[in-house]
Amino acid sequence: MSEIAIQAPTKEMTVTDDVMINMIGVHKWYGEFHVLKDINLTVHKGERIVICGPSGSGKSTMIRCINRLEEHQQGQIIVEGTELTGDLKHVEQIRKEVGMVFQHFNLFPHLSILDNLTLAPIWVRKMPKKEAEEVAMNLLERVKIPEQAKKYPGQLSGGQQQRVAIARSLCMNPKVMLFDEPTSALDPEMIKEVLDVMVELAEEGMTMMCVTHEMGFAKTVANRVIFMDEGQIIEENEPNEFFNNPQNDRTKLFLSQILSH
Amino acid sequence: MSDQKPTHKLGEHPDWAPPSITIGAVGWVRANMLSSPLNIFLTLLCGYLIYLSVPPVVQWAFLDADWFGTNRDDCSREGACWIYIGFWFKQIMYGRYPDTEVWRINFAYALLVVAAIPLFVPSFRWKGWLSVFLLIGYPIIAFYLFVGGSFGMEHVETPLWGGLFLTLVISVLGIVASLPIGIVLALGRRSDMPVVKAICIGFIEFWRGIPLITVLFMSSVMFPLFLPEGMHFDKLIRALIGVMLFSAAYMAEVVRGGLQAIPKGQTEAAEALGLSYWKTMNLVIMPQALKLVIPGIVNTFIGLFKDTTLVLIIGLFDLLGMIQLVGTNPDWLGFHIEGYVFAAFVFWCFCFSMSRYSQHLEKKLHTGH
């Protein structure tokens, strides 16, 4: 995979000791298939974690468990002190604080860009419409497409749609952002505009977990890279060590395949 | 190879108008009606069939028709006798509703039209409140107007209701009630909760599996047998409930078709933003699903509108029933054709309006590109 040139972060990004997400002995099965095997992971406030691995390794499933788009069957997931259980109140509480960006954007095609952004603040946070629209416009400025506010998702390019999707998540003022292969469905020239937004977000101290194959992003932005295979965390390290000095054979094989061209 | 020099530089070629023959009426005729020998033959054949069928109908319905008069002797019998429709107009429109009380029906019609007009004005700001009035306030007002018995209005029993009025009461109530019930059933059928799912499937399959005639017979003949002695339940209400539940089952399957067409990512995105199940459905999934199935919904509405004519078999005289009834009047025998043509015309007007409105709605709600 080719590496996209990333704008280098200008600010120093700091990690605190506050625990944001804690996964303890998490298991999950799809029917007979054991998709997550004993996942143990602690994410601190301000961390930027990149998760990579071959397809089918369970990386998407893992981050989807964090806002319970997937249900885990064993172990504990604690987000900001609230444990994810069958209790819907807990689930909704956590979803308010955890933003998510999807591979296929998943914007609401029947709503204008502005309405896409204000929907959740108005209906979940009970924010007055005017205020929600102000917040939304500020965020659209930040992702550099305020002029598209009145358009519909179908009228935007893929890169613009993904930036809107990021802005939509940010409207809820989340404490953590999960990215599930945010650039995989984009044309090469659009990947950069999305990654730039993500870099800026990291600079502002957002806690991020990102499933991606953009190794350039991992090298410049992540403070930790996690490699998963067959439902397990095989290796985790800070990016320099991870790329230059991988320990596990499977990691080496994966990196050789992904970086060879 | 052509010796001609290129007339424009690379990348600077302007737009040219298309060749004139492909656009305009002449172009259309050439492309669609005369493009091949077979097409020419079919065009001529259709022209001949139209020549054979249309002029006699126009002759009968308009040119030779009798429009003015007061009794059957005024009819020349060369063409249609529309005097017949005019003579029985009140019965066809209102059934046996008392003459002095007909203003109540007309007033309700007028109120509906006046209240509904602002909904079509784009700049009108209180559409939400008006819709609430139309869905809750209006039916209550209409109920008191039609039934009477209070506010100094004479009580009019439902067996006196009839004609187009009855058709509209049954079909509008059926249409308005079947959509929400159908939506709930469709959601229930896709639910993860086994009991809810089983109940919804059972309900839908039961009502879809029996003919409407059976439903109406059961409501009028069988149902009263189960009621305790002396308890009376209006026949019209029983038929109404039957029609509602019957069309709700059909509506549920139409709506479910729309729900299945919405990608899973939409639900996931909404849930990831913290929207609850009902908010996700109301704000994200249903608006998209319903828009997709507008043709199916309107299809069901139109079907229901015409199916209301079946209430004739349980002794309710709707538009068609009333026309059949007045056709048996000894003074006016032999005018069945005029009656049925008129009924068909009225039904067609309503169904075609619904169809046109749905097309307008589809265009208005179109946001994809």
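Computed from a predicted structure; not experimentally measured. (Residues numbered from 1 in each chain as written. Chains lettered and ligands numbered in written order. Predicted model: local features only at pLDDT ≥ 70, side-chain atom pairs only at ≥ 80, totals over all residues. Heavy atoms only, no water.)

1. Observations regarding the nonpolar core
Moving on, step 1. Within the largest apolar cluster, 121 residues are counted, with the highest numbers of intra-cluster contacts made by Met209(A), Phe146(B) and Trp161(B).
Moving on, step 2. When sequence neighbours within four positions are dropped, the list of residues in contact with Phe146(B) reads Tyr97(B), Arg104(B), Ile105(B), Ala108(B), Val156(B), Trp161(B), Phe165(B) and Val169(B).
Moving on, step 3. Ile4(A), Leu107(A), Ile113(A) and Leu114(A) belong to the second-largest nonpolar core, a separate cluster that totals 52 residues. (Core = buried A, V, L, I, M, F, W, Y, C linked by side-chain atoms within 4.5 Å. Buried < 20%, exposed > 50% of the residue type's maximum accessible area, 1.4 Å probe, protein only. Contact = heavy atoms within 4.5 Å.)

2. Notes on the interface of chain B and chain A
For interface size, the figure often reported is the accessible area lost on association.
Moving on, step 1. At the junction of the two partners, chain B supplies 19 residues and chain A supplies 25 residues.
Moving on, step 2. Summed over both partners, the interface of chain B with chain A buries about 2000 Å², with 63% contributed by carbon and sulfur atoms.
Moving on, step 3. Linking chain B with chain A are 6 residue pairs in polar contact (both at pLDDT 80 or more).
Moving on, step 4. Looking at the side of chain B that touches chain A, the elements that each hand over two or more residues are helix H11 (264-272) and helix H12 (277-292) of chain B.
Moving on, step 5. Looking at the side of chain B that touches chain A, the element that brings in the most residues is H11(B), giving 8 residues.
Moving on, step 6. In the side of chain B that touches chain A, the residues fall into 8 nonpolar, 7 polar and 4 charged. (Buried area = accessible area lost by both parts, 1.4 Å probe. Polar contact = N/O pair within 3.5 Å; in protein donor to acceptor, adjacent residues only side chain to side chain. Helix = DSSP H or I, 4+ residues; strand = E, 2+ residues; numbered from the N terminus. Nonpolar A, V, L, I, M, F, W, Y, C, P; charged D, E, K, R; others polar.)

3. Brief notes about a nonpolar patch on the surface
Residue and element names in this part refer to chain B.
Moving on, step 1. On the surface, Trp 126, Trp 129, Val 132, Leu 135, Ile 136, Ile 140, Phe 143, Tyr 144, Phe 151, Val 172 and Val 176 cluster together to form a nonpolar patch covering roughly 1200 Å² of accessible area.
Moving on, step 2. Put simply, the parts of the chain that give the nonpolar patch at least two residues each are helix H6 (127-147) and helix H7 (163-189).
Moving on, step 3. For the nonpolar patch, the leading source of residues is H6, giving 7 residues.
Moving on, step 4. Along the chain, Val 176 falls in helix H7. (Patch = residues over 30% accessible without salt bridge, like charges linked within 9 Å, V, L, I, M, F, W, Y side chains within 5 Å. Areas by Shrake-Rupley, 256 points an atom, 1.4 Å probe, with all protein chains shown as cover. Salt bridge = Lys/Arg side-chain N within 4 Å of Asp/Glu carboxyl O.)

4. Quick word on the packing of aromatic side chains
Moving on, step 1. Taken as a whole, this structure holds 24 aromatic pairs over all chains when the rule is applied.
Moving on, step 2. Between Phe120(B) and Tyr357(B) the ring centres are 5.6 Å apart and the planes differ by 75°, which places this aromatic pair in the edge-to-face class. Of this pair, Phe120(B) sits in the loop between helix H5 (102-116) and H6 while Tyr357(B) sits in helix H15 (residues 336-364), placing them 237 residues apart in sequence.
Moving on, step 3. Each ring, one from Tyr277(B) and one from Trp278(B), has its centre 5.2 Å from the other, and the planes form 80°; the classification is edge-to-face.
Moving on, step 4. Residue Trp278(B) is classed as exposed on the basis of its relative accessible area of 52%.
Moving on, step 5. One residue, Lys219(A), lies across the ring of Phe243(A), its end atom 5.2 Å from the ring centre.
Moving on, step 6. Over the ring of Trp126(B) we find Arg125(B), and its NZ or CZ is 5.7 Å from the ring centre. (Phe/Tyr/Trp six-rings, centres within 6.5 Å; stacked < 30°, edge-to-face > 60°. Lys NZ or Arg CZ within 6 Å of the ring centre and 35° of its normal.)

5. With respect to the pattern of salt bridges
Residue and element names in this part refer to chain A.
Moving on, step 1. Scanning the entire structure with this criterion turns up 25 salt bridges over all chains.
Moving on, step 2. Here Glu 193 makes a salt bridge to Arg 163, at a shortest N to O gap of 2.9 Å. Here Glu 193 is found in helix H6 (residues 188-203), whereas its partner Arg 163 is found in helix H5 (residues 158-170), with 30 residues between them in sequence.
Moving on, step 3. Taking the shortest distance from any N to any O, the salt bridge between Asp 229 and Arg 250 comes out at 3.2 Å. Of this pair, Asp 229 sits in strand S9 (residues 224-229) while Arg 250 sits in helix H9 (residues 249-259), and the two are 21 residues apart along the sequence.
Moving on, step 4. According to the relative accessible area criterion, Asp 229 is buried, its value standing at 13%.

6. Section: the confidence of the model for chain B
Residue and element names in this part refer to chain B.
Moving on, step 1. Overall, the predicted model of chain B reaches an average pLDDT of 87, with 96% of residues at or above 70.
Moving on, step 2. Per-element mean pLDDT across chain B ranges from 80 in helix H1 (residues 24-33) up to 95 in H11.
Moving on, step 3. Two numbers describe this predicted complex: its pTM, 0.83, and its ipTM, 0.90. (pLDDT = per-residue confidence, 0-100.)

7. Re the sheet that holds strand S5 (residues 82-83) of chain A
Residues and elements named next belong to chain A.
Moving on, step 1. Ordered by their spatial adjacency, 4 strands build an open sheet running S2-S1-S4-S5, and the pairing between neighbours is antiparallel. Every other strand in the sheet has two partners, leaving strand S2 (33-44) and S5 as the edge strands with one partner each.
Moving on, step 2. Two elements, strand S4 (residues 74-79) and S5, share 2 bridges in a ladder whose sense is antiparallel. Across the sheet, Ile 78 pairs through a bridge with Glu 83, a residue of S5. (Pairing = 2+ DSSP bridges.)

8. Focus: the environment of Met177(A)
Moving on, step 1. Tracing the chain through its elements places Met177(A) in strand S7 (residues 176-180).
Moving on, step 2. Aside from chain neighbours lying at most four places away, what touches Met177(A) is Gly99(A), Val101(A), Ile166(A), Ser169(A), Leu170(A), Leu201(A), Met206(A), Thr207(A), Met208(A) and Met209(A).

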